[in-house]
Amino acid sequence: MKISTIVLNTPTRVVVALALIVLVGEFLIMALFENISITLMKDPFLRKLFFYVVDPIALTVIVSPALYLLVFRPLNQQRQLAESRSLEADSEIEHLAFFDQITGLPNRRLLIDRLHHAFASSQRSGREGALLFLDLDNFKDINDTLGHDIGDLLLQQTAQRLESCVRECDTVARLGGDEFVVLLEDLSKQSIEAAAIQTKAVSEKILATLNQPHQLAKHEHHSTASIGVALFSDHGKTAEELLKQADIAMYQAKKAGRNTLIFFNPKMQDAINARTVLESELGKALEKQQFHLYYQIQVDSSHHPLGAEALIRWIHPERGMVSPDQFIPLAEDTGLILPIGQWILETACTQLKAWEQDALTRDLVLAVNVSARQVFQADFVAQIQATVQRYAIKPMRLKLELTESMLVKNIENTITAMSALKAIGIQFSLDDFGTGYSSLQHLKKLPLNELKIDQSFVHALATDSSDKAIVRTIIVMAQSLSLNVIVEGVETEEQQQFLMRNSCSHYQGYLFGKPVPIEEFEASLGIL
(Lines give C-alpha, C1' and ligand atoms only; values in the text may rest on other atoms or scores of the structure.)
Protein backbone atom coordinates (compact mmCIF):
# COMPACT_ATOMS: atom_id res chain seq x y z
CA MET A 1 0.00 0.00 0.00
CA LYS A 2 2.90 2.37 0.64
CA ILE A 3 4.29 1.74 -2.84
CA SER A 4 0.91 2.38 -4.44
CA THR A 5 0.57 5.56 -2.44
CA ILE A 6 3.99 6.75 -3.64
CA VAL A 7 3.22 5.73 -7.22
CA LEU A 8 -0.06 7.53 -7.20
CA ASN A 9 1.22 10.80 -5.81
CA THR A 10 2.85 12.42 -8.84
CA PRO A 11 3.65 11.62 -12.51
CA THR A 12 7.39 11.87 -11.72
CA ARG A 13 7.13 9.02 -9.24
CA VAL A 14 5.25 6.96 -11.79
CA VAL A 15 8.18 7.37 -14.25
CA VAL A 16 10.68 6.41 -11.54
CA ALA A 17 8.61 3.34 -10.74
CA LEU A 18 8.56 2.31 -14.41
CA ALA A 19 12.36 2.69 -14.63
CA LEU A 20 12.83 0.54 -11.55
CA ILE A 21 10.51 -2.12 -12.93
CA VAL A 22 12.48 -2.24 -16.24
CA LEU A 23 15.82 -2.42 -14.43
CA VAL A 24 14.62 -5.26 -12.21
CA GLY A 25 13.25 -7.00 -15.29
CA GLU A 26 16.63 -6.82 -17.01
CA PHE A 27 18.35 -8.35 -14.01
CA LEU A 28 15.83 -11.18 -13.99
CA ILE A 29 16.42 -11.84 -17.68
CA MET A 30 20.17 -11.89 -17.20
CA ALA A 31 19.73 -14.35 -14.35
CA LEU A 32 17.54 -16.60 -16.50
CA PHE A 33 19.99 -16.61 -19.36
CA GLU A 34 23.29 -16.65 -17.48
CA ASN A 35 23.90 -20.31 -18.35
CA ILE A 36 23.60 -19.72 -22.08
CA SER A 37 26.66 -20.85 -23.88
CA ILE A 38 29.26 -18.16 -24.36
CA THR A 39 29.97 -19.61 -27.76
CA LEU A 40 26.32 -19.39 -28.71
CA MET A 41 26.18 -15.78 -27.64
CA LYS A 42 29.18 -14.98 -29.80
CA ASP A 43 27.20 -15.83 -32.88
CA PRO A 44 26.08 -12.46 -34.36
CA PHE A 45 22.72 -13.76 -35.49
CA LEU A 46 21.91 -15.38 -32.17
CA ARG A 47 23.10 -12.32 -30.27
CA LYS A 48 20.81 -10.05 -32.33
CA LEU A 49 17.97 -12.51 -31.89
CA PHE A 50 18.44 -12.39 -28.15
CA PHE A 51 18.68 -8.62 -27.81
CA TYR A 52 16.00 -7.68 -30.32
CA VAL A 53 13.46 -10.48 -29.84
CA VAL A 54 13.96 -12.59 -26.77
CA ASP A 55 14.94 -9.80 -24.40
CA PRO A 56 11.99 -7.46 -25.25
CA ILE A 57 9.53 -10.35 -25.09
CA ALA A 58 10.84 -11.49 -21.74
CA LEU A 59 10.95 -7.95 -20.44
CA THR A 60 7.33 -7.42 -21.53
CA VAL A 61 6.26 -10.63 -19.83
CA ILE A 62 7.89 -9.46 -16.60
CA VAL A 63 7.04 -5.76 -16.75
CA SER A 64 3.37 -5.98 -17.78
CA PRO A 65 2.01 -7.74 -14.66
CA ALA A 66 4.23 -5.64 -12.42
CA LEU A 67 3.15 -2.47 -14.18
CA TYR A 68 -0.52 -3.42 -13.78
CA LEU A 69 -0.17 -4.43 -10.14
CA LEU A 70 1.96 -1.50 -9.06
CA VAL A 71 0.64 1.33 -11.23
CA PHE A 72 -2.54 0.86 -13.21
CA ARG A 73 -4.61 -1.10 -10.69
CA PRO A 74 -3.98 1.40 -7.83
CA LEU A 75 -4.73 4.24 -10.19
CA ASN A 76 -8.00 2.61 -11.25
CA GLN A 77 -8.95 1.86 -7.64
CA GLN A 78 -8.34 5.44 -6.62
CA ARG A 79 -10.40 6.72 -9.56
CA GLN A 80 -13.30 4.44 -8.59
CA LEU A 81 -13.02 5.52 -4.94
CA ALA A 82 -12.99 9.19 -5.96
CA GLU A 83 -16.06 8.66 -8.16
CA SER A 84 -17.87 6.87 -5.34
CA ARG A 85 -17.08 9.65 -2.89
CA SER A 86 -18.16 12.24 -5.41
CA LEU A 87 -21.51 10.49 -5.87
CA GLU A 88 -21.99 10.30 -2.10
CA ALA A 89 -21.13 13.98 -1.71
CA ASP A 90 -23.49 14.94 -4.52
CA SER A 91 -26.23 12.86 -2.92
CA GLU A 92 -25.65 14.49 0.48
CA ILE A 93 -25.63 17.99 -1.04
CA GLU A 94 -28.87 17.23 -2.87
CA HIS A 95 -30.47 15.94 0.33
CA LEU A 96 -29.42 19.03 2.27
CA ALA A 97 -30.75 21.24 -0.50
CA PHE A 98 -34.22 19.67 -0.59
CA PHE A 99 -34.88 18.04 2.80
CA ASP A 100 -35.09 19.20 6.40
CA GLN A 101 -32.24 17.89 8.56
CA ILE A 102 -34.27 17.38 11.75
CA THR A 103 -37.39 15.65 10.39
CA GLY A 104 -36.24 14.39 6.99
CA LEU A 105 -39.29 16.04 5.41
CA PRO A 106 -39.15 18.09 2.21
CA ASN A 107 -38.09 21.67 2.89
CA ARG A 108 -39.49 24.91 1.46
CA ARG A 109 -37.52 24.60 -1.78
CA LEU A 110 -38.83 21.13 -2.58
CA LEU A 111 -42.34 22.11 -1.44
CA ILE A 112 -42.42 25.01 -3.90
CA ASP A 113 -41.37 22.65 -6.69
CA ARG A 114 -44.12 20.18 -5.78
CA LEU A 115 -46.64 23.01 -5.58
CA HIS A 116 -45.81 23.95 -9.16
CA HIS A 117 -46.39 20.33 -10.22
CA ALA A 118 -49.64 20.29 -8.21
CA PHE A 119 -50.86 23.44 -9.99
CA ALA A 120 -50.14 21.89 -13.37
CA SER A 121 -51.82 18.63 -12.38
CA SER A 122 -54.89 20.49 -11.07
CA GLN A 123 -55.15 22.41 -14.32
CA ARG A 124 -55.07 19.20 -16.38
CA SER A 125 -57.42 17.16 -14.21
CA GLY A 126 -59.79 19.86 -13.01
CA ARG A 127 -59.44 18.58 -9.45
CA GLU A 128 -59.09 20.85 -6.46
CA GLY A 129 -56.10 20.91 -4.15
CA ALA A 130 -55.48 22.30 -0.66
CA LEU A 131 -52.58 23.72 1.28
CA LEU A 132 -52.60 23.35 5.06
CA PHE A 133 -50.30 25.70 6.98
CA LEU A 134 -49.76 24.25 10.44
CA ASP A 135 -48.09 25.82 13.47
CA LEU A 136 -47.56 24.08 16.80
CA ASP A 137 -49.11 25.97 19.70
CA ASN A 138 -46.74 27.21 22.42
CA PHE A 139 -43.78 25.32 20.95
CA LYS A 140 -41.36 27.91 22.34
CA ASP A 141 -42.29 26.84 25.87
CA ILE A 142 -40.91 23.34 25.15
CA ASN A 143 -37.53 24.70 24.02
CA ASP A 144 -37.38 27.13 26.94
CA THR A 145 -38.28 24.60 29.63
CA LEU A 146 -37.06 21.21 28.39
CA GLY A 147 -34.37 22.19 25.89
CA HIS A 148 -33.95 22.13 22.13
CA ASP A 149 -33.19 18.38 22.03
CA ILE A 150 -36.65 17.65 23.41
CA GLY A 151 -38.10 20.22 21.05
CA ASP A 152 -36.47 18.39 18.13
CA LEU A 153 -38.06 15.14 19.32
CA LEU A 154 -41.47 16.78 19.24
CA LEU A 155 -40.82 18.04 15.70
CA GLN A 156 -39.81 14.53 14.58
CA GLN A 157 -42.88 12.92 16.14
CA THR A 158 -45.10 15.61 14.65
CA ALA A 159 -43.64 14.89 11.20
CA GLN A 160 -44.33 11.16 11.60
CA ARG A 161 -47.90 11.76 12.73
CA LEU A 162 -48.59 14.17 9.88
CA GLU A 163 -47.36 11.63 7.34
CA SER A 164 -49.61 9.00 8.90
CA CYS A 165 -52.66 11.22 8.28
CA VAL A 166 -52.24 11.71 4.53
CA ARG A 167 -51.94 9.66 1.34
CA GLU A 168 -48.71 8.77 -0.44
CA CYS A 169 -49.51 11.25 -3.20
CA ASP A 170 -49.69 14.10 -0.67
CA THR A 171 -46.71 16.06 0.65
CA VAL A 172 -45.77 16.91 4.21
CA ALA A 173 -43.04 19.55 4.48
CA ARG A 174 -41.36 21.55 7.22
CA LEU A 175 -40.71 25.22 6.56
CA GLY A 176 -38.66 25.80 9.70
CA GLY A 177 -39.20 26.35 13.40
CA ASP A 178 -42.54 24.79 14.34
CA GLU A 179 -44.18 25.41 10.96
CA PHE A 180 -45.32 22.54 8.76
CA VAL A 181 -47.20 22.44 5.46
CA VAL A 182 -49.40 19.67 4.10
CA LEU A 183 -50.15 19.65 0.37
CA LEU A 184 -53.27 17.70 -0.57
CA GLU A 185 -53.69 16.89 -4.25
CA ASP A 186 -56.41 15.27 -6.39
CA LEU A 187 -59.35 16.33 -4.25
CA SER A 188 -62.94 16.42 -5.45
CA LYS A 189 -63.67 17.30 -9.06
CA GLN A 190 -67.32 18.02 -8.30
CA SER A 191 -67.15 21.37 -6.51
CA ILE A 192 -64.98 23.49 -4.25
CA GLU A 193 -67.43 22.78 -1.41
CA ALA A 194 -66.80 19.04 -1.73
CA ALA A 195 -63.05 19.66 -1.72
CA ALA A 196 -63.45 21.81 1.39
CA ILE A 197 -65.30 18.98 3.14
CA GLN A 198 -62.48 16.54 2.28
CA THR A 199 -59.86 19.02 3.48
CA LYS A 200 -61.75 19.65 6.72
CA ALA A 201 -61.87 15.91 7.41
CA VAL A 202 -58.10 15.56 6.91
CA SER A 203 -57.43 18.64 9.05
CA GLU A 204 -59.59 17.37 11.89
CA LYS A 205 -57.83 14.02 11.70
CA ILE A 206 -54.49 15.83 11.98
CA LEU A 207 -55.65 17.86 14.99
CA ALA A 208 -56.94 14.73 16.73
CA THR A 209 -53.70 12.85 16.02
CA LEU A 210 -51.49 15.67 17.25
CA ASN A 211 -53.59 16.00 20.39
CA GLN A 212 -52.53 12.53 21.51
CA PRO A 213 -49.81 12.58 24.21
CA HIS A 214 -46.18 12.64 23.04
CA GLN A 215 -43.51 10.68 24.88
CA LEU A 216 -40.43 12.88 24.65
CA ALA A 217 -37.61 10.98 26.35
CA LYS A 218 -38.75 10.92 29.98
CA HIS A 219 -41.36 13.63 29.48
CA GLU A 220 -45.00 13.21 28.49
CA HIS A 221 -46.22 16.23 26.56
CA HIS A 222 -49.59 17.27 25.18
CA SER A 223 -49.37 19.33 22.02
CA THR A 224 -51.91 21.16 19.88
CA ALA A 225 -51.72 22.96 16.55
CA SER A 226 -53.41 25.75 14.62
CA ILE A 227 -54.15 25.15 10.93
CA GLY A 228 -54.83 27.61 8.14
CA VAL A 229 -56.25 26.23 4.88
CA ALA A 230 -56.12 27.65 1.36
CA LEU A 231 -57.82 25.79 -1.51
CA PHE A 232 -56.51 25.97 -5.06
CA SER A 233 -57.37 24.88 -8.59
CA ASP A 234 -56.75 26.56 -11.93
CA HIS A 235 -57.01 30.11 -10.57
CA GLY A 236 -53.58 31.46 -11.44
CA LYS A 237 -52.17 31.74 -7.90
CA THR A 238 -48.42 31.52 -7.36
CA ALA A 239 -46.93 29.19 -4.79
CA GLU A 240 -45.92 32.12 -2.58
CA GLU A 241 -49.40 33.65 -2.77
CA LEU A 242 -51.00 30.39 -1.73
CA LEU A 243 -48.57 29.98 1.18
CA LYS A 244 -49.32 33.55 2.28
CA GLN A 245 -53.07 32.91 2.22
CA ALA A 246 -52.73 29.72 4.27
CA ASP A 247 -50.41 31.55 6.69
CA ILE A 248 -52.97 34.35 7.17
CA ALA A 249 -55.68 31.79 7.89
CA MET A 250 -53.40 30.04 10.37
CA TYR A 251 -52.95 33.25 12.36
CA GLN A 252 -56.71 33.67 12.40
CA ALA A 253 -56.89 30.17 13.90
CA LYS A 254 -54.43 31.30 16.59
CA LYS A 255 -56.62 34.30 17.37
CA ALA A 256 -59.70 32.05 17.50
CA GLY A 257 -58.22 30.18 20.46
CA ARG A 258 -55.70 27.74 18.89
CA ASN A 259 -56.13 24.00 18.32
CA THR A 260 -58.50 24.68 15.44
CA LEU A 261 -58.58 25.21 11.66
CA ILE A 262 -59.76 28.14 9.59
CA PHE A 263 -60.20 28.44 5.83
CA PHE A 264 -58.80 31.48 4.07
CA ASN A 265 -61.23 33.95 2.54
CA PRO A 266 -60.49 37.16 0.59
CA LYS A 267 -61.77 39.35 3.44
CA MET A 268 -58.79 38.18 5.50
CA GLN A 269 -56.45 39.44 2.81
CA ASP A 270 -58.29 42.76 2.67
CA ALA A 271 -57.92 43.11 6.43
CA ILE A 272 -54.20 42.30 6.25
CA ASN A 273 -53.69 44.83 3.46
CA ALA A 274 -55.55 47.51 5.41
CA ARG A 275 -53.51 46.71 8.51
CA THR A 276 -50.27 46.98 6.54
CA VAL A 277 -51.22 50.42 5.22
CA LEU A 278 -52.31 51.58 8.68
CA GLU A 279 -49.07 50.31 10.18
CA SER A 280 -47.05 52.29 7.66
CA GLU A 281 -49.02 55.45 8.40
CA LEU A 282 -48.82 54.84 12.16
CA GLY A 283 -45.04 54.74 11.93
CA LYS A 284 -45.06 58.27 10.47
CA ALA A 285 -47.79 59.73 12.69
CA LEU A 286 -45.47 60.61 15.57
CA GLU A 287 -42.96 62.30 13.29
CA LYS A 288 -45.75 64.25 11.55
CA GLN A 289 -47.26 65.32 14.90
CA GLN A 290 -50.61 63.72 14.19
CA PHE A 291 -51.09 62.52 17.80
CA HIS A 292 -52.92 64.67 20.35
CA LEU A 293 -53.83 64.21 23.99
CA TYR A 294 -57.46 64.62 24.96
CA TYR A 295 -58.45 65.04 28.61
CA GLN A 296 -61.47 63.52 30.37
CA ILE A 297 -62.26 65.01 33.73
CA GLN A 298 -62.47 63.00 36.97
CA VAL A 299 -64.66 64.43 39.76
CA ASP A 300 -65.91 63.76 43.27
CA SER A 301 -69.53 63.52 44.43
CA SER A 302 -69.80 67.33 44.43
CA HIS A 303 -68.58 67.50 40.83
CA HIS A 304 -65.36 69.06 42.08
CA PRO A 305 -62.50 68.29 39.66
CA LEU A 306 -59.90 65.87 41.01
CA GLY A 307 -57.91 65.51 37.85
CA ALA A 308 -58.18 63.98 34.43
CA GLU A 309 -57.22 60.97 32.33
CA ALA A 310 -54.99 61.75 29.34
CA LEU A 311 -56.22 59.84 26.29
CA ILE A 312 -54.31 59.69 23.01
CA ARG A 313 -56.08 60.59 19.78
CA TRP A 314 -54.79 60.15 16.24
CA ILE A 315 -56.08 62.84 13.89
CA HIS A 316 -55.15 61.66 10.40
CA PRO A 317 -55.14 64.23 7.57
CA GLU A 318 -57.22 61.94 5.35
CA ARG A 319 -58.86 59.40 7.67
CA GLY A 320 -59.87 61.95 10.26
CA MET A 321 -60.10 60.70 13.85
CA VAL A 322 -58.70 57.15 14.00
CA SER A 323 -60.18 55.10 16.84
CA PRO A 324 -57.69 54.03 19.55
CA ASP A 325 -59.23 50.55 19.24
CA GLN A 326 -57.75 50.44 15.74
CA PHE A 327 -54.24 51.72 16.29
CA ILE A 328 -53.34 50.94 19.92
CA PRO A 329 -53.34 47.11 19.40
CA LEU A 330 -51.32 47.66 16.21
CA ALA A 331 -48.84 49.83 18.10
CA GLU A 332 -48.54 47.10 20.75
CA ASP A 333 -47.89 44.40 18.15
CA THR A 334 -45.27 46.40 16.25
CA GLY A 335 -43.45 47.89 19.22
CA LEU A 336 -44.42 51.43 18.19
CA ILE A 337 -46.16 51.71 21.54
CA LEU A 338 -42.77 52.39 23.14
CA PRO A 339 -42.02 55.70 21.39
CA ILE A 340 -45.73 56.59 21.44
CA GLY A 341 -45.92 55.84 25.16
CA GLN A 342 -42.87 58.01 25.83
CA TRP A 343 -44.45 60.85 23.85
CA ILE A 344 -47.64 60.54 25.93
CA LEU A 345 -45.64 60.65 29.15
CA GLU A 346 -43.62 63.69 28.11
CA THR A 347 -46.70 65.55 26.86
CA ALA A 348 -48.51 64.78 30.11
CA CYS A 349 -45.56 66.00 32.18
CA THR A 350 -45.42 69.19 30.11
CA GLN A 351 -49.09 69.77 30.90
CA LEU A 352 -48.64 69.05 34.60
CA LYS A 353 -45.83 71.60 34.75
CA ALA A 354 -48.06 74.17 33.06
CA TRP A 355 -50.88 73.41 35.51
CA GLU A 356 -48.57 74.14 38.45
CA GLN A 357 -48.57 77.80 37.44
CA ASP A 358 -52.35 78.20 37.92
CA ALA A 359 -54.18 77.98 41.25
CA LEU A 360 -57.18 76.44 39.47
CA THR A 361 -55.20 73.48 38.15
CA ARG A 362 -52.12 73.06 40.38
CA ASP A 363 -53.76 70.33 42.49
CA LEU A 364 -55.07 68.24 39.58
CA VAL A 365 -53.77 64.70 39.15
CA LEU A 366 -53.19 63.50 35.61
CA ALA A 367 -53.66 59.79 34.84
CA VAL A 368 -51.64 58.24 32.00
CA ASN A 369 -52.14 54.76 30.58
CA VAL A 370 -49.02 52.59 30.50
CA SER A 371 -48.74 49.56 28.22
CA ALA A 372 -47.42 46.14 29.16
CA ARG A 373 -44.53 46.59 26.74
CA GLN A 374 -43.43 49.72 28.55
CA VAL A 375 -43.64 48.14 32.00
CA PHE A 376 -41.65 45.09 30.89
CA GLN A 377 -38.78 47.20 29.53
CA ALA A 378 -35.64 46.81 31.64
CA ASP A 379 -35.22 50.59 31.88
CA PHE A 380 -38.89 51.39 32.55
CA VAL A 381 -38.28 52.79 36.03
CA ALA A 382 -35.26 54.79 34.90
CA GLN A 383 -37.22 56.30 31.98
CA ILE A 384 -40.09 57.42 34.22
CA GLN A 385 -37.73 58.86 36.81
CA ALA A 386 -35.69 60.70 34.18
CA THR A 387 -38.83 62.18 32.59
CA VAL A 388 -40.19 63.36 35.94
CA GLN A 389 -36.85 64.99 36.76
CA ARG A 390 -36.45 66.55 33.31
CA TYR A 391 -39.81 68.32 33.49
CA ALA A 392 -39.44 69.03 37.22
CA ILE A 393 -43.02 68.03 38.05
CA LYS A 394 -44.40 66.97 41.40
CA PRO A 395 -44.43 63.13 41.15
CA MET A 396 -47.60 62.81 43.25
CA ARG A 397 -49.54 64.61 40.49
CA LEU A 398 -48.75 61.82 38.01
CA LYS A 399 -50.86 58.66 38.13
CA LEU A 400 -49.95 55.65 35.98
CA GLU A 401 -52.81 53.36 34.97
CA LEU A 402 -52.06 49.66 34.42
CA THR A 403 -54.51 47.02 33.19
CA GLU A 404 -55.17 43.75 34.94
CA SER A 405 -54.10 41.70 31.93
CA MET A 406 -50.49 42.84 32.18
CA LEU A 407 -50.25 41.38 35.68
CA VAL A 408 -50.47 37.81 34.38
CA LYS A 409 -46.79 37.82 33.42
CA ASN A 410 -43.76 39.00 35.41
CA ILE A 411 -45.86 39.92 38.42
CA GLU A 412 -42.83 40.11 40.72
CA ASN A 413 -40.90 42.37 38.35
CA THR A 414 -43.97 44.57 37.96
CA ILE A 415 -44.32 44.90 41.73
CA THR A 416 -40.62 45.84 42.01
CA ALA A 417 -40.94 48.52 39.31
CA MET A 418 -44.14 49.94 40.83
CA SER A 419 -42.59 50.05 44.30
CA ALA A 420 -39.55 51.95 43.04
CA LEU A 421 -41.76 54.58 41.39
CA LYS A 422 -44.21 54.81 44.27
CA ALA A 423 -41.24 55.53 46.53
CA ILE A 424 -40.74 58.87 44.73
CA GLY A 425 -44.46 59.72 44.97
CA ILE A 426 -45.95 58.46 41.69
CA GLN A 427 -49.46 57.02 42.05
CA PHE A 428 -50.82 53.82 40.50
CA SER A 429 -54.33 52.88 39.41
CA LEU A 430 -55.48 49.43 38.31
CA ASP A 431 -57.58 50.11 35.20
CA ASP A 432 -60.57 48.10 33.91
CA PHE A 433 -60.79 46.28 37.22
CA GLY A 434 -63.05 43.24 37.14
CA THR A 435 -62.41 42.33 33.52
CA GLY A 436 -58.94 40.80 33.79
CA TYR A 437 -57.18 38.11 35.77
CA SER A 438 -56.21 39.69 39.07
CA SER A 439 -55.95 37.37 42.01
CA LEU A 440 -56.52 38.70 45.50
CA GLN A 441 -53.11 37.35 46.44
CA HIS A 442 -51.47 39.61 43.85
CA LEU A 443 -53.80 42.50 44.55
CA LYS A 444 -52.72 42.84 48.15
CA LYS A 445 -49.03 42.86 47.09
CA LEU A 446 -49.39 45.55 44.44
CA PRO A 447 -48.44 49.06 45.62
CA LEU A 448 -51.68 50.56 44.30
CA ASN A 449 -53.45 53.77 45.20
CA GLU A 450 -56.67 53.14 43.34
CA LEU A 451 -58.96 50.65 41.63
CA LYS A 452 -60.86 51.80 38.56
CA ILE A 453 -64.09 49.84 38.05
CA ASP A 454 -64.65 49.05 34.39
CA GLN A 455 -67.50 50.76 32.58
CA SER A 456 -68.92 47.39 31.46
CA PHE A 457 -70.35 47.01 34.99
CA VAL A 458 -71.90 50.49 34.92
CA HIS A 459 -74.07 50.52 31.78
CA ALA A 460 -76.84 48.38 33.28
CA LEU A 461 -76.16 49.32 36.86
CA ALA A 462 -79.70 50.59 37.40
CA THR A 463 -81.36 47.35 36.28
CA ASP A 464 -78.86 44.48 36.48
CA SER A 465 -78.68 42.94 39.94
CA SER A 466 -75.46 41.08 39.09
CA ASP A 467 -73.67 44.30 38.13
CA LYS A 468 -74.89 45.91 41.31
CA ALA A 469 -73.52 43.03 43.40
CA ILE A 470 -70.15 43.11 41.61
CA VAL A 471 -69.73 46.87 42.02
CA ARG A 472 -70.68 46.71 45.72
CA THR A 473 -68.18 43.89 46.29
CA ILE A 474 -65.34 45.74 44.57
CA ILE A 475 -66.00 48.90 46.58
CA VAL A 476 -66.02 47.03 49.89
CA MET A 477 -62.88 45.06 48.97
CA ALA A 478 -61.01 48.22 47.92
CA GLN A 479 -61.95 49.97 51.14
CA SER A 480 -60.71 46.99 53.16
CA LEU A 481 -57.37 47.29 51.31
CA SER A 482 -57.29 51.06 51.91
CA LEU A 483 -57.58 51.78 48.19
CA ASN A 484 -59.51 54.57 46.51
CA VAL A 485 -62.19 53.60 44.00
CA ILE A 486 -63.09 55.46 40.83
CA VAL A 487 -65.77 54.33 38.40
CA GLU A 488 -65.52 55.04 34.68
CA GLY A 489 -68.40 55.21 32.23
CA VAL A 490 -70.81 57.06 34.51
CA GLU A 491 -73.42 58.60 32.20
CA THR A 492 -76.58 59.12 34.26
CA GLU A 493 -77.58 60.66 37.57
CA GLU A 494 -79.14 57.34 38.53
CA GLN A 495 -75.80 55.58 38.18
CA GLN A 496 -74.05 58.22 40.24
CA GLN A 497 -76.68 58.02 42.97
CA PHE A 498 -76.26 54.26 43.26
CA LEU A 499 -72.47 54.68 43.57
CA MET A 500 -72.84 57.40 46.19
CA ARG A 501 -75.17 55.18 48.25
CA ASN A 502 -72.46 52.53 48.21
CA SER A 503 -69.70 54.85 49.42
CA CYS A 504 -68.05 55.48 46.05
CA SER A 505 -67.36 59.19 45.47
CA HIS A 506 -64.93 59.38 42.52
CA TYR A 507 -66.28 59.24 38.96
CA GLN A 508 -65.37 59.58 35.33
CA GLY A 509 -67.80 59.57 32.42
CA TYR A 510 -69.91 61.49 29.94
CA LEU A 511 -72.13 62.76 32.77
CA PHE A 512 -69.24 65.03 33.75
CA GLY A 513 -67.44 65.49 30.45
CA LYS A 514 -66.20 63.80 27.31
CA PRO A 515 -62.51 63.56 26.36
CA VAL A 516 -61.65 66.94 24.83
CA PRO A 517 -58.58 68.93 23.70
CA ILE A 518 -56.67 70.79 26.41
CA GLU A 519 -58.11 74.20 25.55
CA GLU A 520 -61.66 72.95 25.89
CA PHE A 521 -60.84 71.02 29.04
CA GLU A 522 -59.32 74.02 30.79
CA ALA A 523 -62.23 76.21 29.72
CA SER A 524 -64.67 73.74 31.30
CA LEU A 525 -62.96 73.92 34.69
CA GLY A 526 -64.33 77.38 35.27
CA ILE A 527 -67.85 76.18 34.50
CA LEU A 528 -67.64 73.26 36.91
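(A) Structural context of the layout of surface pockets. Quantified by volume, the largest pocket comes out at close to 950 Å³. In terms of lining, the largest pocket is formed by 34 residues, of which the most central are Glu309, Leu311, Pro324, Asn369 and Asp431. Where the lining of the largest pocket is concerned, the elements lending two or more residues are β9 (305-316), α11 (324-334), α12 (337-355), α13 (372-375), β12 (398-403) and β13 (427-433). Grouping the constituent residues of the lining of the largest pocket by class yields 13 nonpolar, 11 polar and 10 charged.

(B) Region of interest: α12. Taking 1.5 Å of rise per residue, 19 residues should cover 27 Å, and α12 covers 26 Å from first to last C-alpha, within 8% of that figure. Turning to α12, its buried residues number three or more, namely Ile337, Ile340, Gly341, Gln342, Ile344, Leu345, Ala348, Cys349, Gln351, Leu352 and Trp355.

(C) Spotlight on the sheet that holds strand β6 (residues 225-232). The strand order β2-β3-β1-β6-β7 describes an open sheet built from five strands, whose pairing is mixed. Each of the sheet's edge strands pairs with one partner strand only, and the pair in question is β2 (171-176) and β7 (261-263). Sheet twist, expressed as the average angle between the axes of neighbouring strands with direction ignored, equals 20°. Across five bridges, β2 lies against strand β3 (residues 179-184) in antiparallel orientation. Its bridge partner being in β3, Thr171 is matched across the sheet by Leu183. Its contacts with the sheet put helix α5 (residues 108-125) on β1 (129-136), β2, β3 and β6, and the angle it makes with β2 is roughly 140°. Together, β1, β2 and β3 form the strand contacts of helix α7 (residues 148-164), whose direction differs from that of β3 by roughly 10°.

(D) Geometry of empty space enclosed by the protein. On inspection of all chains with the given rule, the structure shows four cavities of 30 Å³ or more. Counted as a void, the largest cavity has a volume near 50 Å³. Taken together, Ala118, Ser121, Ser122, Ser125, Arg127, Glu128, Gly129, Glu185, Asp186 and Phe232 form the lining of the largest cavity. Considering every element that reaches the lining of the largest cavity, the biggest residue donor is α5, with four residues. Its residues assigned to classes, the lining of the largest cavity shows two nonpolar, four polar and four charged.

Conventions and cut-offs
- Residues numbered from 1 in each chain as written.
- Predicted model: local features only at pLDDT ≥ 70, side-chain atom pairs only at ≥ 80, totals over all residues.
- Heavy atoms only, no water.
- 1 Å grid on protein atoms, 1.4 Å probe; cavity = no way out; pocket = protein on both sides within 12 Å on 5 of 7 lines; lining within 4 Å.
- Points joined across faces, edges and corners; volume = space filled by probe spheres on them.
- Helix = DSSP H or I, 4+ residues; strand = E, 2+ residues; numbered from the N terminus.
- Nonpolar A, V, L, I, M, F, W, Y, C, P; charged D, E, K, R; others polar.
- Expected span 1.5 Å × (residues − 1).
- Buried < 20%, exposed > 50% of the residue type's maximum accessible area, 1.4 Å probe, protein only.
- Pairing = 2+ DSSP bridges.
- Axes fitted to C-alpha atoms, helices over the stretch in contact; angles between N-to-C directions.
- Contact = heavy atoms within 4.5 Å.

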